[in-house]
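The residues making up each chain are set out below.
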2 protein chains.
Amino acid sequence: MRKVKLTLAYDGTEFAGFQVQPNVRTVQGELMSALDTILGEKVKLIAAGRTDTGVHARGQVVSFRTATSIPTDRLPAALNSVLPRDMAVWQAEDVPADFHARHHATAKIYRYLLYLGRTPAPFIRHYSWRLFWAMDVKAMQEAAAELVGKHDFTAFCAAGSPVKNKVRTMQRIHIVSDRDLVLIEAVADGFLYKMMRSIVGTLVKVGRGVLTPEDVRDILAQNDRPRVGPTAPPQGLILWQVVYDNLTAPEDTPGSIGLTLPWGYVKISL
Amino acid sequence: MRKVKLTLAYDGTEFAGFQVQPNVRTVQGELMSALDTILGEKVKLIAAGRTDTGVHARGQVVSFRTATSIPTDRLPAALNSVLPRDMAVWQAEDVPADFHARHHATAKIYRYLLYLGRTPAPFIRHYSWRLFWAMDVKAMQEAAAELVGKHDFTAFCAAGSPVKNKVRTMQRIHIVSDRDLVLIEAVADGFLYKMMRSIVGTLVKVGRGVLTPEDVRDILAQNDRPRVGPTAPPQGLILWQVVYDNLTAPEDTPGSIGLTLPWGYVKISL
């Protein structure tokens with residue numbers, strides 16, 4: 001038996017989330033069916049993170065044990081030949097037998113795109129949250145800075161999470177903007193249930209002037225869930241990268257506007 | 001009565017093309033229904049160009065006469081409030097009574113995206129043609145240069161076109177590439193039926209080495225339709241801009257890689 005790690009991308013638009021469920025189309029369900037076809041065995045799949053309905057992934061990671069004789073470097077092409085076109089396996093690696101896609105992740109990078117344009121943008125409708133207010137990006141950045149560091153993020157965790165320890169370390173939050181687009185990137189050692197979308201909803205409240213950066217500090221300190229912004233809609237969110245070693249996330253070169261849309265990292269010239 | 005010009009964008013993925021037809025969802029059908037709702041009158045719509053099923057538009061132009069009292073600058077928001085989310089009106093302008101969206105167009109700009117990656121790219125599956133061969137971009141550029149100028153493009157016109165005069169002036173063809181992506185931009189005073197997709201299919205044959213730039217010159221000179229490449233699939237094509245005055249198309253700054261994906265013009269850093 002070998003342990004294999006897969007990195008996959010998917011457009012979450014037409015999936016009922018990652019986790020397999022009866023009678024609905026899920027990423028895990030499609031992937032397990034493809035693995036069954038290619039490997040001829042039912043594998044136990046461990047995922048780095050479960051994304052919700054409509055949430056995208058550029059760098060989701062899964063691991064599983066297999067007895068297949070197919071060379072690891074052949075697995076992506078073999079799996080992609082049977083996977084639906086809204087998902088793709090980008091990389092396959094042999095990993096130690098004790099590798100665990102979730103437990104061994106040292107950090108996750110999520111990105112969220114806001115669209116502030118007066119006109120609807122048909123081509124990013126599935127990949128952004130359209131807002132009808134102007135955003136004070138500087139205030140959003142100040143509020144984001146309050147979240148950086150080791151904190152109890154209970155206020156930003158949606159109800160119904162079984163997780164007891166809600167202390168996480170936010171390594172950084174970058175917010176870049178250009179005209180009608182605002183991109184929020186958060187890097188943490190872990191994210192609670194809907195934590196990223198709660199943070200985005202709260203930062204949008206700050207951008208609108210409904211909350212101040214100081215309010216965000218208080219919300220965090222007092223676990224004041226009721227004052228947290230609405231959970232941002234799923235389609236603006238993408239699981240960008242799962243990190244298993246020292247953090248190597250792309251930085252924005254000074255002065256440039258880096259934006260990540262689901263199909264890749266781009267610099268926008270509007 | 002006034003004459004109004006609308007500029008609209010649409011994601012062609014879920015439309016059976018632009019032109020209204022019974023029992024299928026078309027861009028024109030949705031737009032006329034929205035105009036009917038907002039203006040309370042049935043208008044006669046003139047479009048700059050009819051895009052086929054699956055073809056996208058960033059700058060489609062339509063014109064119509066109307067007796068509405070709604071201020072022109074209010075029309076985009078009014079129409080977008082009732083239009084489906086995969087299309088949007090970006091601009092509305094008052095134009096002279098004799099304005100004709102098709103006859104008065106001095107040039108059209110189409111762009112086409114090729115994806116050469118070894119791994120499927122879920123997020124651009126509806127906006128690119130995935131190829132499984134390496135492309136000789138320099139040869140493609142040489143072949144494209146053969147098409148620039150005033151020529152009889154009969155060889156690049158799909159069968160069944162009623163158009164008699166097949167002479168068009170190709171003002172320029174730009175081809176830019178970066179790793180797995182190749183973008184082809186063509187600017188002409190007019191395009192025959194499926195002409196852009198025939199040109200792309202032929203340039204891809206050149207990129208593969210199946211045809212040489214000299215072959216393309218001969219095909220053009222001899223109206224040799226059988227040697228023209230296959231019509232490229234629709235999803236990689238976007239009607240980028242319709243020009244009504246002197247050409248003001250975005251140029252690629254030297255050394256940079258400019259790529260247009262359906263939702264906008266971007267510089268890619270892969």
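Heads up: the structure comes first, above all this text.
Computed from a predicted model, the values in this text were never measured in an experiment. (Residues numbered from 1 in each chain as written. Chains lettered and ligands numbered in written order. Predicted model: local features only at pLDDT ≥ 70, side-chain atom pairs only at ≥ 80, totals over all residues. Heavy atoms only, no water.)

Trainee: Help me get a handle on the overall build of chain A, residues and values and all.
Mentor: Secondary structure summary: chain A contains 5 helices and 12 strands in total. For chain A, the C-alpha radius of gyration of 19 Å lies close to 18 Å, the compact-globule estimate for 270 residues. Taken along the three principal axes of its C-alpha coordinates, chain A extends 60 × 40 × 40 Å. In chain A, buried positions account for 58% of the 270 residues. When contacts within chain A are restricted to residue pairs at least 6 apart in sequence, those whose partners lie at least 24 apart make up 71%. As presented, chain A carries roughly 11,500 Å² of accessible surface, and 51% of it is formed by carbon and sulfur atoms. Between the centroid of the 32 positive side chains of chain A and the centroid of its 26 negative side chains there is a distance of 4 Å. (Helix = DSSP H or I, 4+ residues; strand = E, 2+ residues; numbered from the N terminus. Rg over C-alpha atoms; globule rule 2.2 N^0.38 Å. Buried < 20%, exposed > 50% of the residue type's maximum accessible area, 1.4 Å probe, protein only. Contact = heavy atoms within 4.5 Å. Areas by Shrake-Rupley, 256 points an atom, 1.4 Å probe, with all protein chains shown as cover. Lys, Arg positive; Asp, Glu negative; His and termini not counted. Charge placed at Lys NZ, Arg CZ, Asp CG, Glu CD.)

Trainee: Which residues make up the pairing of strand β1 (residues 2–10) of chain B, and what values go with them?
Mentor: All names here are of chain B. Buried residues dominate β1, accounting for 8 of its 9 residues. Looking at chain direction, β1 and strand β3 (residues 56–66) are connected through 8 bridges and run antiparallel. In the sheet register, Leu6 faces β3, and the bridge partner there is Val62. Note that β1 and strand β4 (residues 87–95) share 8 bridges and pair antiparallel. Bridge pairing in β4 links Thr7 to Gln91. (Pairing = 2+ DSSP bridges.)

Trainee: Mind laying out helix α3 (residues 137–147) of chain B, listing which residues take part and the relevant values?
Mentor: Residue and element names in this part refer to chain B. Among all positions in α3, only Val137, Ala139, Met140, Ala143, Ala144 and Leu147 are buried. Seen end-on, α3 carries its buried residues on one side only, within an arc spanning 155 degrees. Elements in contact with the buried residues of α3: β5 (107–115), β7 (149–152), β8 (167–178), β9 (181–188), α4 (195–208) and α5 (213–221). The distance from a side-chain oxygen at the start of α3 to the backbone nitrogen of Lys138 is 3.2 Å, and the residue carrying that oxygen is Asp136. Where α3 ends, the next residue or the one after it, Gly149, has phi of about 115 degrees, a positive value. (Arc of directions from axis to C-beta. Polar contact = N/O pair within 3.5 Å; in protein donor to acceptor, adjacent residues only side chain to side chain.)

Trainee: Talk me through the packing of helix α3 (residues 137–147) of chain A against helix α5 (residues 213–221) of chain A; I want residue IDs and the actual numbers.
Mentor: Residues and elements named next belong to chain A. At a minimum axis distance of 8 Å, the contact between α3 and α5 shows a crossing angle of 20 degrees. On the basis of their axis angle, the class for α3 and α5 is roughly parallel. As α3 runs across α5, the sense of the crossing is right-handed. For the pair formed by α3 and α5, the contact residues are Ala139, Glu142, Ala143, Glu146 and Leu147 on the first element and Pro213, Val216, Arg217 and Leu220 on the second. Tallied by class, residues from the contact of α3 with α5 come to 6 nonpolar, no polar and 3 charged. (Axes fitted to C-alpha atoms, helices over the stretch in contact; angles between N-to-C directions. Parallel < 35°, antiparallel > 145°, perpendicular 65-115°, else oblique. Left-handed = near helix turned anticlockwise from the far one by under 90°. Nonpolar A, V, L, I, M, F, W, Y, C, P; charged D, E, K, R; others polar.)

Trainee: Explain α5(B) to me, using residue names and the numbers behind them.
Mentor: All names here are of chain B. Among the residues of α5, Pro213, Asp215, Val216, Ile219 and Leu220 are the ones counted as buried. All buried residues of α5 project into a common sector of 155 degrees when viewed along the axis, lining one side. Along its buried surface, α5 packs onto α3, β7 and α4.

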